[in-house]
Amino acid sequence: MSKILLINPSYSGTYGSTKVGIINPIMPTMGLAALAGMALERGHQVRILDMSHSPYDWRQVRKILVEQRPDVVGITATTPLVNQLRDISVLCKDISPDILVVGGGAHISAMPAETLAESCLDAAIPGEAEFVFADLIDGKDPKDISGLYYRDRGGAVHCTGPRPVLQNLDDLPMPAWHLYDPREYKKKVSRLYASHPPLTTAEFSRGCVFKCDFCASKLTMAQGYRKKSPARCAEEVKYLESLGWKEFLLTDDIFTSDNQWAVEVCESIIRSGAKINWTCTNGIRVESANDELFQKMRGAGCYRVAFGFESGNDRVLQGFGKGGKATIAQGQVAVKMARRAGIDTLGFFLLGLSADTRETMMDTINYARTLELDMLKFSVTIPFPGTAMFNNYVGQGLITSFDWDKYHHYSDEELFTHPDFSYTDILEFLNLSFKRSILGNPRFIFRRLMRGFRTGEFFWDLYYFPGYLMASAQNSNHASQYHYYAAERWPRFEFSKEKIQGREWQKATLRADS
C-alpha cells in the first residue's frame, strides 16, 4: 500500500486581477477525484492538496510533503500551470529522491516526453489516467504498463505506446469527492459562478466528435463519445448530495449531443429524488438545443447552460473546424429555447480565432450584443500545445514564446502573431468587447437587473460590479504571479519549430521501444 498525495496547482496567475477573475472557478478537480477513487479501490491511502484558490506557495507544499511523507506525488497541469508542476517536481526530489513523481493533465497529454525533459517527473500519463496510474502505484513494471511515458534509472525516457480508451465508463469506481471538504469551498467560489455553493464537478460522458482547431480535448478524452448509464449518473448525483455538495458543474464536452440519452439521464436524476442544483457551464453545442431536453434538465435541477458560440461569423465557424450544424442563427434559437425552459444562459466568445479578421472580430462583438444572455465571456484564442492551431502556427513560425506561465486567455504579452493581424489588435478588440457587449449594452444591463430581482441575487451583482469596473480585460506582470522554489534548477528543453513539427523527441523514444 502506498501513501499518495495528489496536487492541483494554483489558478491565481491564470485569472489574476482581470474582469473574468471575479468569476473564479474554484471547485474540486474532477480528474483528481477520479484518480483518487481508483487508488482507494486498490487499497492505497490518498490525500488531495488543492491550491487552486490561493497563490502558489512552495513552502506550503514542502510542509505537507515533510509531514505526510508520501510515496507517490501526482500533479495535474494545464499549460499555464505546468511551470508549477516543474517546480514541485524539483522540490519533491530535493526532499527525497525516492518519491515517485507523476504528471498528468492537458499539457502532459499534449507534450508528455517534453514535459519529462523539462522537469524532474519520473512518469507522465497522457490521456485517461485512472488505470495507468493505478497500475503504476501498484508497483507494476513501467515497461509493462501501456499508455505511459517514464524515465529509467539512467535518465532515458521511454514510451510504452498508446492505451485503448475505456469503453464502459460504469466500470470506473466512484470519484473520491469525500476527500474534499465542502465547507472549505463554500466561500471560495464566486457567487456569479455558483448560485448554490459549495460547488463541485461531475462527469456523465467523455470525448468529443468535433475538431475545432483551438481545442485539445481529444488528447485527454479521445476522439469519439462515451457515456455513463443514466442509472450511474443518478447514483453519482445522489452521492454528491449525501456529502453536502449543493451544486455541481458538469464537465462533459458535448452532454446534450445525444438528446435521448441526456433526457434519460435527467429522468433518472428526477426519479432518484436528488435535490441538487447543477449547470452545464462547460458549454454545449447550439445545434443540440431541444425544448423537451431543456425542460427535463430544468426539472432535474439544471439552472444554467453555457453555449460555445466562439464567433459571430458563419465563415469563421467553418474555418476553424466547428463542424456540425452550428451557425449564428442556430445560436439565437438555442438561447431562446433555454430561456423558455427557465434556464440561465451564458455565452463563450473567442477573439483571434485562426480564421478571424478584424471585421469578423467585430461581427462577434456585435453578435454577442444581440443575444439574450444572462452572462457572457470573451477570451483571446490561445494556440495551446496539442491543438491543430498550435501545430499550424509553429509551422508558420508564428509562436513567439514557450514560457508556459504566459499561456492563458488574458495574457497581455505576445505569445503568437496571427497570420492576418497583430496580437495588439486582438487585445484592442478584447477591451472593446466588454465595453460594447456589457457596459454599453442597455438590454444586457436591464436583463441582468431583472434576473437579480427575480432570483434574489441582485446584491451579489452589486457586490461584484465595482471590482469588474476597475479590473483590466487582460492580465499583466506574469513574473510576479509566482514565487518559485528552484526555477533556476528546472531542467531545460529547447523548443524549436523542427522539434515540435517533427516530434523527433517522441519519435525517437517510440522507435527505441518498438
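Residues numbered from 1 in each chain as written. Predicted model: local features only at pLDDT ≥ 70, side-chain atom pairs only at ≥ 80, totals over all residues. Heavy atoms only, no water.

Peer 1: Quick one: what's the story with the overall build of the protein, residue by residue and with numbers?
Peer 2: Secondary structure assignment for the protein yields 21 helices and 15 strands. Against the globule reference of 24 Å for 514 residues, the protein gives a C-alpha radius of gyration of 22 Å, in line with a compact fold. Summarising its shape, the C-alpha atoms of the protein cover approximately 65 × 55 × 40 Å along the three principal directions. In the protein, buried positions account for 58% of the 514 residues. (Helix = DSSP H or I, 4+ residues; strand = E, 2+ residues; numbered from the N terminus. Rg over C-alpha atoms; globule rule 2.2 N^0.38 Å. Buried < 20%, exposed > 50% of the residue type's maximum accessible area, 1.4 Å probe, protein only.)

Peer 1: Describe the packing of helix α15 (residues 358-370) against helix α17 (residues 423-439), listing the residues and the values that go with them.
Peer 2: The interhelical angle for the contact between α15 and α17, taken along N-to-C directions, is 20 degrees, at an axis separation of 9 Å. When the axes of α15 and α17 are compared, the pair comes out roughly parallel. Here α15 runs over α17; the crossing is right-handed. Together, Arg358, Met361, Met362, Ile365, Asn366, Ala368 and Arg369 of α15 and Asp425, Glu428, Phe429, Leu432, Ser433, Arg436 and Ser437 of α17 make up the contact between the two elements. (Axes fitted to C-alpha atoms, helices over the stretch in contact; angles between N-to-C directions. Parallel < 35°, antiparallel > 145°, perpendicular 65-115°, else oblique. Left-handed = near helix turned anticlockwise from the far one by under 90°. Contact = heavy atoms within 4.5 Å.)

Peer 1: Before we move on, could you go through the sheet that holds strand β15 (residues 375-380) and cite the residues and values that matter?
Peer 2: Either a parallel or an antiparallel arrangement is found when strands of a sheet pair, and the pairing is made through backbone hydrogen bonds. The parallel open sheet is built from six strands, whose spatial order is β8-β11-β12-β13-β14-β15. The sheet terminates laterally at β8 (199-202) and β15, the two strands that pair on one side only. Taking each pair of neighbouring strands and ignoring which way they run, the sheet shows an average axis angle of 20 degrees. For strand β14 (residues 344-351) and β15, the ladder comprises six bridges, and the chain directions are parallel. Each bridged residue has a counterpart across the sheet, and for Leu351 the counterpart in β15 is Val380. (Pairing = 2+ DSSP bridges.)

Peer 1: So what about helix α19 (residues 458-470)? Which residues, and what values?
Peer 2: Of all the bends found along α19, the most pronounced is centred on Tyr464 and spans about 35 degrees, while Pro466, a proline, follows it within four residues. Taken together, the buried positions of α19 are occupied by Asp461, Tyr464 and Tyr468. Looking at the packing, one finds that the buried side of α19 touches α17 and α18 (442-455). (Bend = angle between axes of the 7 residues up to and from the residue.)

Peer 1: Would you mind going over the nonpolar core in detail, with residue names and values included?
Peer 2: If you look at the biggest cluster of nonpolar residues, it comprises 162 residues, and the most contacted ones within it are Phe204, Phe255, Trp278, Phe294, Met297, Val305 and Phe307. With seven residues, the top contributor of residues to this core is α17. Look past the residues within four positions of Phe294 in its chain and what remains in contact with it is Ile284, Ala289, Val305, Phe307, Ala334, Met337, Ala338, Ala341 and Ile343. Counting five residues, the second largest nonpolar core, distinct from the first, contains Met38, Ala134, Leu166 and Leu172. (Core = buried A, V, L, I, M, F, W, Y, C linked by side-chain atoms within 4.5 Å.)

Peer 1: Can you lay out the side chain of Asp252 for me, pointing to particular residues and giving the numbers?
Peer 2: In this structure, Asp252 sits in the loop between β11 (247-250) and α11 (259-272). Although buried, Asp252 forms no salt bridge, and the nearest oppositely charged side chain, Lys228, lies 7.6 Å from it. (Lys, Arg positive; Asp, Glu negative; His and termini not counted. Salt bridge = Lys/Arg side-chain N within 4 Å of Asp/Glu carboxyl O.)

Peer 1: Go over the sheet that holds strand β6 (residues 149-151), please, and point to the residues and values.
Peer 2: The strand order β2-β1-β3-β4-β5-β6-β7 describes an open sheet built from seven strands, whose pairing is mixed. Edge positions in the open sheet fall to β2 (45-50) and β7 (157-159), since each of these has one partner strand only. Strand-to-strand twist of the sheet, defined as the mean angle between neighbouring strand axes without regard to direction, takes the value 20 degrees. Here six bridges tie strand β1 (residues 3-8) to β2, and the two strands are oriented parallel to one another. Within β2, the residue paired with Lys3 across the bridge is Gln45.

Peer 1: Help me get a handle on helix α10 (residues 230-243), residues and values and all.
Peer 2: Given a rise of 1.5 Å per residue, 14 residues ought to cover 20 Å, and the 20 Å separating the end C-alpha atoms of α10 matches this to within 8%. Taken as a whole, α10 has its buried residues at Pro230, Arg232, Cys233, Ala234, Glu236, Val237 and Leu240. Those residues of α10 that are buried are in contact with β8, β11 and α11. Remark: Gly244 follows α10 within two positions and exhibits a positive phi of approximately 105 degrees. (Expected span 1.5 Å × (residues − 1).)

Shape descriptors only; they carry no functional weight alone.
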